[in-house]
Amino acid sequence: MKGTVEPLINDEYTGGPPTKRVLARLQEKRKEGRKIAGVYCGYAPTELILAMGISPATLCAFSNATIEAAETVLPANLCPLIKSSYGFIITDTCPFYGLSDAVIGETTCDGKKKMFELITDLKPTWIMDLPQVPDEEEAIANWTAMIRKLQGFLEATFGAHATDEAIEESIRDINRRNAMMRDVFEFAAERPAVVGWRELYDLTFLAQGSSGKDMESVLTEALAKLEKRRNDGYRYGPAGAPRVMVTGCPVGGDAEKVFAIIEEAGGVIVALDACSGFKPYMTDTEEGTGDPVRALAERYLRIPCSCMTPNTRRLTEMSRLIEKMRPDAVIDVVLQACHSFNIESHKVGQHVEKVHGLPFLKIVTDFSLGDVEQIRTRVEALLESC
Amino acid sequence: MRAAGLDIGSRTVKLVVIEDGRTILARKGLTSHDPLEAARTLIAGADYDVIVATGYGRHLLKEHLDCPVISEIKAFALGAKAIHAPCRVILDIGGQDTKAICLNEAGEMAKFEMNDKCAAGTGRFLEIMAKALNYTLEEFSKAALLTEHAEKINSMCTVFAESEVISLTARGASRPDVALGIHKAIVSRSTALLRRIAPSGEVFFAGGVALNECIRALIAEDLNRPVVVPPDPQMVGAFGAAIHAASARPRRESAKRGGSGGHDNSERSV
């Protein structure tokens, strides 16, 4: 059976950008008197922020429209995500930033680090120094200290508090959320997949700053619908469509053009292996260690971002995902001037081709639409070879 | 059955019609600002049963002619293999793209690399640089072959390279030396792209830039590998599309689609 099925999240925001749904939820939280902390990156420790009674809000970073304004200050030859983020702030067009009482940033890359310097005066801002050789004992000790310092900042700024028991409870809650998200991903692993990238992305975007409790009803409903789709023999996309895994830089908003091109070329995206996709949900924090903040530090330093070195975990995690999702091709999306993902792409390509024997394509792009036809030619050629 | 391949490139449109694997018609024209009209003009009066489109304008054709499309990468792989059976490595430098394609032992596309999204180091780059030196394309290649000494061109961005050419000529550099420098710049960029996916073996060189004698010589010299250039390197993509059309199942209505009326493009039977 193919045809229309009930959307996994069926509300007034269905079919539109996932940001509006999240914004409405945050506005509700705000009405309840909760404080909001704007975050830019998956390294911001959600469990701690939530344990302190604060809601994390992912700040806008994916629009081409704000880049022109950003380039009045920032160099043009910079990552579009950083330019867009900054442009949103100086044009005052990011509603999430507007809602935020404070901003949390991390020293993931030089571009972000220096951009943060330009916005620290606007709102209470806390920059976490992220260690980048993550398996060193000192790295874990330092990141533990940084999380504690963030806790101190949030206490000082909001008068919010969290006991270690509350942080431990938050860890368990987020682990439950992550496990349910992984259950959802299992339905993309089905052959044929019973869910497409848009619905996966809606869920990964919504879950980002949400607690397990807040996600429970949405995910329970989504899982029931997916189960029904599978039992009814529903299939997402054309019969025999090549399955594509997308990896690399975060993708959202105007960069979704790449996802659209893949589908237009006849592919089905079965895995979104970026921090805007599955990555935040793939690993859990160890429970019951007696030191929940150190447990968080260990878990966050296991995020295989290209800012880490040597980022071998990216390859082992990718292998795990490839074996589960069984893609026919892998596409690495690199945002223009993102040196770490760009250079790492060589290793990723070798790994995908040599270890998994899969065709690999690297796409370097930005948020403009100028290169859509060039990308289309490459993607079509890749899928023709599947 | 007569099978046609139409390659709507960024600078030129090409049509090849084959019957029993032999080319019976080959035409080319300029893409201009209206690729659909250019394609229509090119296929007017041509006699074929099935047609497949490729090149940048392929989706436009798909919309208007309701014909299947393949990417130019696949088209070049098919065409090159049919023209030169032992072919495993293809370099295609067209109007706005440079592609390196690697075939597996079965002759299927195994891997490809393309230049960045801008037209640096492609046919369009050559055209603009020739113009900056006040040469025609033919004179440009010949001039570069006249000299041994090349002025180094450092910038591959078309706009910056043009400024560099102007500064060089303003400093009194000889035109042929600058011309050779530009040719070398394109070649080093293309061979770097090629080496990334195919470090050894004979190279099948196609696309409009393969018509340039100086580029051909420099590529062979730079790679120190045999370079094979087909008799009409611009037609490889259209030929590959025609082969695909011939091998695909005949379409439901294999009516002859060519319209009536003449055309101003060069026409040859091969």
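Along every chain, residues carry numbers that run from 1 in the direction the sequence is written. Labels follow written order: the first chain is A, the first ligand is 1, and so on. Residue-level local features of this predicted model are given only where pLDDT is at least 70; pairs of side-chain atoms are given and counted only at 80 or more, and the full residue set underlies all totals for whole chains, interfaces and linings. As a rule here, side-chain values cover all heavy atoms of the structure and leave hydrogens and water aside.

Section: helix α15 (residues 372-384) of chain A
Residue and element names in this part refer to chain A.
Turning to step 1, where the next piece is worked out: Strands are runs of DSSP state E lasting at least 2 residues, helices are runs of H or I lasting at least 4, and numbering of each runs from the N terminus. Each helix should span, by expectation, one fewer than its residue count multiplied by 1.5 Å. In a regular helix each residue adds 1.5 Å, so 13 residues correspond to 18 Å; α15 covers 18 Å between its end C-alpha atoms and thus fits that length.
Turning to step 2, where the next piece is worked out: The rule is simple: take the accessible area with a 1.4 Å probe, protein chains only, and divide by the maximum for that residue type; under 20% is buried, over 50% is exposed, in between is partly exposed. In terms of burial, α15 is a largely internal element, 11 of the 13 residues being buried.
Turning to step 3, where the next piece is worked out: Among the residues of α15, Val372, Gln374, Ile375, Arg376, Thr377, Arg378, Val379, Glu380, Ala381, Leu382 and Leu383 are the ones counted as buried.

Considering the confidence of the model for chain B
All names here are of chain B.
Turning to step 1, where the next piece is worked out: Scored from 0 to 100, pLDDT records how confident the predictor is in each individual residue. Per-residue confidence for chain B averages 89 on the pLDDT scale, and 91% of its residues sit at or above 70.
Turning to step 2, where the next piece is worked out: Across chain B, strand β8 (residues 203-206) holds the top mean pLDDT of 98, while strand β10 (residues 266-268) sits lowest at 41.
Turning to step 3, where the next piece is worked out: As scored by the predictor, the complex reaches a pTM of 0.91 and an ipTM of 0.84.

Thoughts on unusual backbone geometry
Peptide bonds are trans in most cases, and residues, glycine excluded, mostly fall at negative phi.
Turning to step 1, where the next piece is worked out: Of the consecutive residues A:Arg191 and A:Pro192, the connecting peptide bond is found in the cis state with omega at -5°.
Turning to step 2, where the next piece is worked out: Following the sequence through the fold, A:Pro192 ends up in the loop between α8 (164-189) and α9 (197-207).
Turning to step 3, where the next piece is worked out: A cis amide bond links A:Thr309 with the next residue in sequence, A:Pro310, at an omega value of -15°.
Turning to step 4, where the next piece is worked out: By the element assignment, A:Pro310 lies in the loop between α12 (292-301) and α13 (312-325).
Turning to step 5, where the next piece is worked out: In this structure, B:Asp20 is a non-glycine residue whose phi angle is positive, near 50°.
Turning to step 6, where the next piece is worked out: For B:Asp20, the position within the fold is in the loop between β2 (12-19) and β3 (22-30).

Quick notes on the side chain of A:Thr125
Residues and elements named next belong to chain A.
Turning to step 1, where the next piece is worked out: Tracing the backbone through its elements, the reader meets Thr125 in strand β4 (residues 125-128).
Turning to step 2, where the next piece is worked out: Residue classification places Thr125 among the buried positions, given a relative accessible area of 17%.
Turning to step 3, where the next piece is worked out: Among the polar contacts made by the side chain of Thr125, one reaches the main-chain carbonyl oxygen of Lys123 at a distance of 2.7 Å.
Turning to step 4, where the next piece is worked out: Once residues within four sequence positions are removed from consideration, Thr125 is found in contact with Val103, Ile119, Thr120 and Phe153. Residues adjacent in sequence count toward polar contacts only when both atoms are side-chain atoms; beyond that, a polar contact is any pair of N or O atoms within 3.5 Å, and within protein one must be able to donate a hydrogen and the other to accept it. The criterion used for residue contact is that any of the two residues' heavy atoms lie within 4.5 Å.

What to know about the nonpolar core
Turning to step 1, where the next piece is worked out: Residues enter a nonpolar core if they are buried and are Ala, Val, Leu, Ile, Met, Phe, Trp, Tyr or Cys, with the set joined through side-chain atoms within 4.5 Å. Formed by 149 residues in total, the largest nonpolar core has its most connected members in A:Tyr43 and A:Trp143.
Turning to step 2, where the next piece is worked out: For A:Tyr43, the contacting residues outside a window of four places in its chain are A:Glu106, A:Thr108, A:Leu130, A:Trp143, A:Tyr300, A:Ile303, A:Cys305, A:Cys307 and A:Met308.
Turning to step 3, where the next piece is worked out: In terms of nonpolar packing, the next biggest core, distinct from the first, is built from 41 residues, B:Ala161, B:Ala173, B:Leu180 and B:Phe205 among them.

Topic: α9(A)
Residues and elements named next belong to chain A.
Turning to step 1, where the next piece is worked out: Across the 11 residues of α9, 10 count as buried, placing the element largely inside the fold.
Turning to step 2, where the next piece is worked out: Of the positions making up α9, those classed as buried are Trp197, Glu199, Leu200, Tyr201, Asp202, Leu203, Thr204, Phe205, Leu206 and Ala207.
Turning to step 3, where the next piece is worked out: Looking at the buried side of α9, the elements it contacts are α1 (18-31), α8, α10 (212-231), α11 (257-264) and β6 (268-273).

A short note on the pairing of strand β3 (residues 102-106) of chain A
Residues and elements named next belong to chain A.
Turning to step 1, where the next piece is worked out: Within β3, five of the five residues are buried, which leaves the element mostly enclosed by the surrounding structure.
Turning to step 2, where the next piece is worked out: Side-chain alternation along β3 places Ala102, Ile104 and Glu106 on one buried face and Val103 and Gly105 on a second face that is also buried.
Turning to step 3, where the next piece is worked out: Only strands joined by at least two bridges in the DSSP assignment are considered to pair. Pairing geometry for strand β1 (residues 35-39) and β3, over three bridges, is parallel. By the bridge assignment, Ala37 is partnered in β3 with Ala102.
Turning to step 4, where the next piece is worked out: Pairing analysis gives four bridges linking β3 to β4, with the strands arranged parallel. Each bridged residue has a counterpart across the sheet, and for Ile104 the counterpart in β4 is Trp126.
Turning to step 5, where the next piece is worked out: Crossover connection from β3 via helix α6 (residues 110-119) to parallel β4: handedness right-handed. Orient the strands so they point away from the viewer, and a crossover whose first-strand-to-second-strand path over the helix runs clockwise is right-handed.

What about the sheet that holds β6(A)?
All names here are of chain A.
Turning to step 1, where the next piece is worked out: With parallel pairing, four strands are arranged side by side in an open sheet as β6-β5-β7-β8. Either end of the sheet is taken by a strand with one partner, and the two such strands are β6 and β8 (360-365). Here the average twist between neighbouring strands, direction ignored, is 25°.
Turning to step 2, where the next piece is worked out: Convention adopted: a line fitted to C-alpha atoms gives each axis, helices being fitted over their contacting stretch, and angles between N-to-C directions are expressed from 0 to 180 degrees. Taken strand by strand, α15 contacts β5 (243-248), β7 (329-335) and β8, and its axis lies near 170° from that of β8.

Describing the side chain of A:Lys83
Residue and element names in this part refer to chain A.
Turning to step 1, where the next piece is worked out: Tracing the sequence through the fold places Lys83 in helix α4 (residues 80-90).
Turning to step 2, where the next piece is worked out: Lys83 sits in the buried class, given a relative accessible area of 4%.
Turning to step 3, where the next piece is worked out: Those residues in contact with Lys83, other than ones at most four positions away along the chain, are Thr66, Ile67, Ala70, Glu71, Leu74, Pro75, Ala76, Leu78 and Gln336.

Describing the interface of chain A and chain B
Many analyses report the size of an interface as the accessible area lost when the parts associate.
Turning to step 1, where the next piece is worked out: Tallying the contact residues gives 15 residues for chain A and 16 residues for chain B.
Turning to step 2, where the next piece is worked out: The contact between chain A and chain B buries some 1300 Å² in all, and 50% of this surface belongs to carbon and sulfur atoms.
Turning to step 3, where the next piece is worked out: In short, buried area is how much 1.4 Å probe accessible area vanishes from two parts on joining, totalled over both. On the chain A side of the interface with chain B, the three residues burying the most area are A:Thr377, A:Arg378 and A:Glu384, jointly 40% of the side's total.
Turning to step 4, where the next piece is worked out: Each reported salt bridge corresponds to a side-chain nitrogen of Lys or Arg within 4 Å of a carboxyl oxygen of Asp or Glu. At the boundary of chain A and chain B, one finds two salt bridges.
Turning to step 5, where the next piece is worked out: The closest approach of N and O atoms between B:Lys111 and A:Glu353, which form a salt bridge, is 2.8 Å.
Turning to step 6, where the next piece is worked out: Looking at the side of chain A that touches chain B, the element that brings in the most residues is α15(A), giving nine residues.

Details of the pairing of β7(A)
Residue and element names in this part refer to chain A.
Turning to step 1, where the next piece is worked out: Buried residues dominate β7, accounting for seven of its seven residues.
Turning to step 2, where the next piece is worked out: Pairing of β7 with β8 involves six bridges; the strand directions are parallel. Across the sheet, the residue bridging to Leu335 is Thr365, located in β8.
Turning to step 3, where the next piece is worked out: Note that the unit made of β7, helix α14 (residues 339-355) and β8 has a crossover that is right-handed.

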